[in-house]
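# Chains, contacts and geometry: an overview
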Amino acid sequence: MAHIWPIGGGKGGSGKSFLTCALGRLLAGLGKKTLLIDLDLGAANLHTLLNIPYPAKSLSDFIRRKYPSLENIVLETPVPDLFLISGANDTLDIANLPYEQKIKTMRAIGKLNFDCILLDLGAGTSFNTLDFFLISQNGIFIATPEPTSIENVYRLIRSIYFRRIRQYFTASDFKALEEEAVQYFGNGAYAKPECIMQMVQRIYPETGIKLDNDFNNYKFKLILNQLHKQDDAGLGPQICKLIEKHLGLKIDFSGNIAYDEHVHDAICQRVSFLDRYPYTRTAGDLRELSKQIIYSAGDQLMINYS
Amino acid sequence: MEKKFAKLNYYEMLDLKPDATLFEIRHAYNVSLQLYQTDSLISYSFFSPEERKTIQDLLEKAYLTLINEKKRQDYDEELIRLGVLDETAKKPVVKTPVSVFDINRAQGKTGPIKNATVALRAKVIENQVISEILSREEVSGPDLQMIRKELAVPLEHIAQETKIRIDYLHGIEGDDVQALPATVFLKGFIKAYLKCLCLEPVDEICRRYMNRSAFCGGKA
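## Examining the overall build of chain B
Within chain B, the secondary structure is distributed over 13 helices and 0 strands. In chain B, the succession of helices and strands from N to C terminus is α-α-α-α-α-α-α-α-α-α-α-α-α. Across the 220 residues that make up chain B, the buried fraction comes to 21%. Contacts in chain B between residues far apart in sequence, at least 24 positions, make up 53% of those at least 6 positions apart.

Below, the structure written as structure tokens:
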């Protein structure tokens, strides 16, 4: 079964698509059959980064049942061993993927026969993003060392935490749980997943244990992108420490990626940054990361909605 | 969340070991101040202002407790009483200075090389056969070979130690005149051989070997 790595980051422009593309190229270069799926629904870019300006098929074709399975819409890319499911030319309402379609897509992704699958997720914390992120235990968060980006990545991590708890309950049960938490912890508790989690452990101990297990098994990673020379390289580990101490969620810091103006040039010329500028610091960082990521694969996690 | 943080003990709050030194405590406090201060990039937007204030107050309290020797002792005792802290973990192991040159060390324990020499010397003195040979007026090649065999030293070892070619050594032990070098070299070789086996006095034994009536020495 394939290893799935969802890549999300909360804020737009933090380099999710670029990282997905670069990691995809590196993994394919290592001889792994790699598939990139553009799940940035409604704002798909991956095909442009891979220099396929007019993809013949896209995710919409699967969702609108033009093709029966995901395998039919897999595109070959100019890179050997690298494949793409594009989100280009999709219907204008795709950003609001209905629930059944989402579940169907997730199941289909789980059945795909590739060595590695990278999911490029959209910005923000919509349910689509959260659910696709939770498809695997290997989620990768990406942020830049700016307050805006860090704010959003915290937001995303909390939302994912929250979403996972929510998946165990029906709407009405969850509503009751929230009210309980507000009563116990005071106003504002509904925005704190750790408060809800405490309530779960108190009221539904069995579910609490299950959730605890889930959170212990996650192997989330954090990557800091666009690190300028003057930025503190120790920021990432401290962020992970803060999250572990206060949210109880263990996130491994995978590494920094140096800022490089040449990334802009490479994207404008629509060539691979790694091929055009292989000896830059940034390219070295990316290669290092790809090695780290390939050696740390957790299980897949298909979510059962109750 | 702040509830959970407040439940940590002071050492956990500051990420310290129970035997942390004052310097470590000060350093840890500085690090956590950077982490939790208002304009810190790391904790930006992570806490509400009230939460941040609570955490900062807790950290300050932890620091002030641990940095004060009396208060820290009281706090440690409290933790031990509650079973949070192990009594042995509290106090650092007292390190005493270790002397580099220990005069009182027993002789013969200084190193493997000296050890071997000392053992050899003891063997020479103790061994009856060797004493008997050494007390003779003349010492022949086969006598030297017997001594060497008593001491269980292989000829290759002597060749290695003295850098004398092994066929010369064979010649010395076999009294093989044809194989021996000129007298002046032979004397030196025999002395080296004797020194290697710790046989004393070197000059005297060498003389007894060279001045045998039946021995005509090396080549001219």
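## Looking at the overall build of chain A
When its secondary structure is counted, chain A shows 13 helices and 8 strands. Computed over its C-alpha atoms, the radius of gyration of chain A comes to 19 Å, within 12% of the 19 Å expected for a compact globule of 306 residues. Along the first, second and third principal axes, the C-alpha atoms of chain A reach 55 × 50 × 30 Å. The proportion of buried residues among the 306 residues of chain A is 44%. By sequence separation, contacts in chain A at least 24 residues apart represent 74% of the contacts at least 6 residues apart.

## Some thoughts on the interface of chain B and chain A
Much of the literature gives interface size as the accessible area that the parts lose upon coming together. Opposite the 9 residues of chain B that make contact, chain A presents 12 residues. In the side of chain B that touches chain A, the residues fall into 7 nonpolar, 2 polar and no charged.

## A look at the domain arrangement of chain B
According to the domain assignment, chain B contains domain 1 (2-90) and domain 2 (112-210). With centres defined by C-alpha atoms, the gap from domain 1 of chain B to domain 2 of chain B works out at 74 Å.

## Considering the sheet that holds strand β7 (residues 220-227) of chain A
All names here are of chain A. What the 8 strands build is an open sheet, ordered β3-β4-β2-β5-β1-β6-β7-β8; its pairing is mixed. At either margin of the open sheet sits one strand with a lone partner, and together these are β3 (75-76) and β8 (251-258). The pairing of strand β1 (residues 3-8) with strand β5 (residues 116-121) spans 5 bridges and is classified as parallel. When the sheet's bridge partners are listed, isoleucine 4 is paired in β5 with isoleucine 117. Sitting on the sheet, helix α6 (residues 147-166) is in contact with β1 and β6 (140-143), with an inclination near 160° to β6.

## Brief notes about the environment of arginine 52 of chain B
Residue and element names in this part refer to chain B. For arginine 52, the position within the fold is in helix α4 (residues 49-67). Residue arginine 52 is classed as partly exposed on the basis of its 17 C-beta neighbours within 10 Å. Through-space distance from the C-alpha of arginine 52 to that of serine 140 is 96 Å; in sequence the pair is 88 residues apart. Excluding residues within four positions of it along the chain, arginine 52 makes contact with Tyr36, Thr38 and Phe47.

## Here we look at unusual backbone geometry
Along the chain, glutamate 200 of chain B connects to proline 201 of chain B via a cis peptide bond; the corresponding omega equals -5°. Positive phi, close to 65°, is recorded for arginine 65 of chain A, a residue that is not glycine. On the secondary structure map, arginine 65 of chain A appears in the loop between α3 (59-63) and β3. The class of arginine 65 of chain A is exposed, set by 9 C-beta atoms lying within 10 Å. The phi torsion at glutamine 226 of chain A lies on the positive side, around 55°, for a residue other than glycine. Position of glutamine 226 of chain A relative to the elements: it lies in strand β7. A count of 22 C-beta atoms within 10 Å places glutamine 226 of chain A in the buried class.

## Observations concerning helix α12 (residues 183-196) of chain B
Residue and element names in this part refer to chain B. Between its first and last C-alpha atoms α12 spans 20 Å; for 14 residues at 1.5 Å apiece the expected length is 20 Å, and the two agree. Residues of α12 that are buried include every one of Leu186, Phe189, Ile190, Tyr193 and Leu194, and no others. Seen end-on, α12 carries its buried residues on one side only, within an arc spanning 135°. Tucked into the core, α12 has its buried residues touching α10 (155-162), α11 (166-174) and α13 (202-210). Immediately beyond the C-terminal end of α12, within one or two residues, lies cysteine 198, with a positive phi of roughly 60°.

## Details of the pairing of β1 of chain A
Residues and elements named next belong to chain A. Taking burial as the measure, the 6 residues of β1 include 6 buried ones, the bulk of the element. Neither face of β1 is exposed, since His3, Trp5 and Ile7 on one face and Ile4, Pro6 and Gly8 on the opposite face are all buried. The pairing of β1 with β6 spans 2 bridges and is classified as parallel. Across the sheet, the residue bridging to isoleucine 7 is isoleucine 140, located in β6.

## Concerning the pairing of β5 of chain A
With 6 of 6 residues buried, β5 of chain A is to be regarded as a mostly interior element. Side chains Cys116, Leu118 and Asp120 of chain A project from β5 of chain A onto one buried face, and the interleaved Ile117, Leu119 and Leu121 of chain A project onto a second face that is buried too.

## Things to note about helix α8 (residues 193-203) of chain A
If you check which residues of α8 of chain A are buried, you get Pro193, Cys195, Ile196, Met197, Met199 and Val200 of chain A. Looking at the buried side of α8 of chain A, the elements it contacts are α6, α7 (171-185) and α9 (205-217) of chain A.

## A look at the nonpolar core
Counting residues in hydrophobic clusters, the biggest one holds 102 residues, and the most contacted among them are Ile117, Leu119 and Phe141 of chain A. Sorting elements by how many residues they give to this core places α6 of chain A first, with 9 residues. In this structure phenylalanine 141 of chain A touches Gly8, Gly9, Val153, Leu156, Ile157, Phe220, Lys221 and Leu222 of chain A, once residues within four positions along its chain are discounted. In terms of nonpolar packing, the next biggest core, distinct from the first, is built from 20 residues, Leu144, Ile158, Ile190 and Leu197 of chain B among them.

## Notes on the packing of α12 of chain B against α13 of chain B
Residues and elements named next belong to chain B. The N-to-C vectors of α12 and α13 enclose an angle of 130°; their axes lie 9 Å apart at closest approach. Between α12 and α13, the interaxial angle falls into the category oblique. Relative to α13, the crossing made by α12 is right-handed. Counted together, Lys187, Ile190, Lys191, Leu194 and Lys195 of α12 and Val202, Ile205, Cys206, Tyr209 and Met210 of α13 form the full contact between these two elements. Classifying every residue of the contact of α12 with α13 by side-chain character gives 7 nonpolar, no polar and 3 charged.

## A look at the environment of proline 6 of chain A
Residue and element names in this part refer to chain A. Considering the arrangement of structural elements, one finds proline 6 in strand β1. The exposure class of proline 6 is buried, given the 28 C-beta atoms found within 10 Å. As a C-alpha pair, proline 6 and serine 172 span 166 residues in sequence and 30 Å in three-dimensional space. Excluding anything up to four places from it in sequence, proline 6 contacts Leu119, Leu121, Phe132, Phe133, Ile135, Ser136 and Gly139.

About the thresholds
Residues numbered from 1 in each chain as written. Chains lettered and ligands numbered in written order. Predicted model: local features only at pLDDT ≥ 70, side-chain atom pairs only at ≥ 80, totals over all residues. Helix = DSSP H or I, 4+ residues; strand = E, 2+ residues; numbered from the N terminus. Buried ≥ 20, exposed ≤ 12 C-beta atoms within 10 Å, placed from the backbone. Contact = placed C-beta atoms within 7 Å. Rg over C-alpha atoms; globule rule 2.2 N^0.38 Å. Nonpolar A, V, L, I, M, F, W, Y, C, P; charged D, E, K, R; others polar. Domains from an automatic or database assignment. Pairing = 2+ DSSP bridges. Axes fitted to C-alpha atoms, helices over the stretch in contact; angles between N-to-C directions. Expected span 1.5 Å × (residues − 1). Arc of directions from axis to C-beta. Core = buried A, V, L, I, M, F, W, Y, C linked by C-beta atoms within 7 Å. Parallel < 35°, antiparallel > 145°, perpendicular 65-115°, else oblique. Left-handed = near helix turned anticlockwise from the far one by under 90°.

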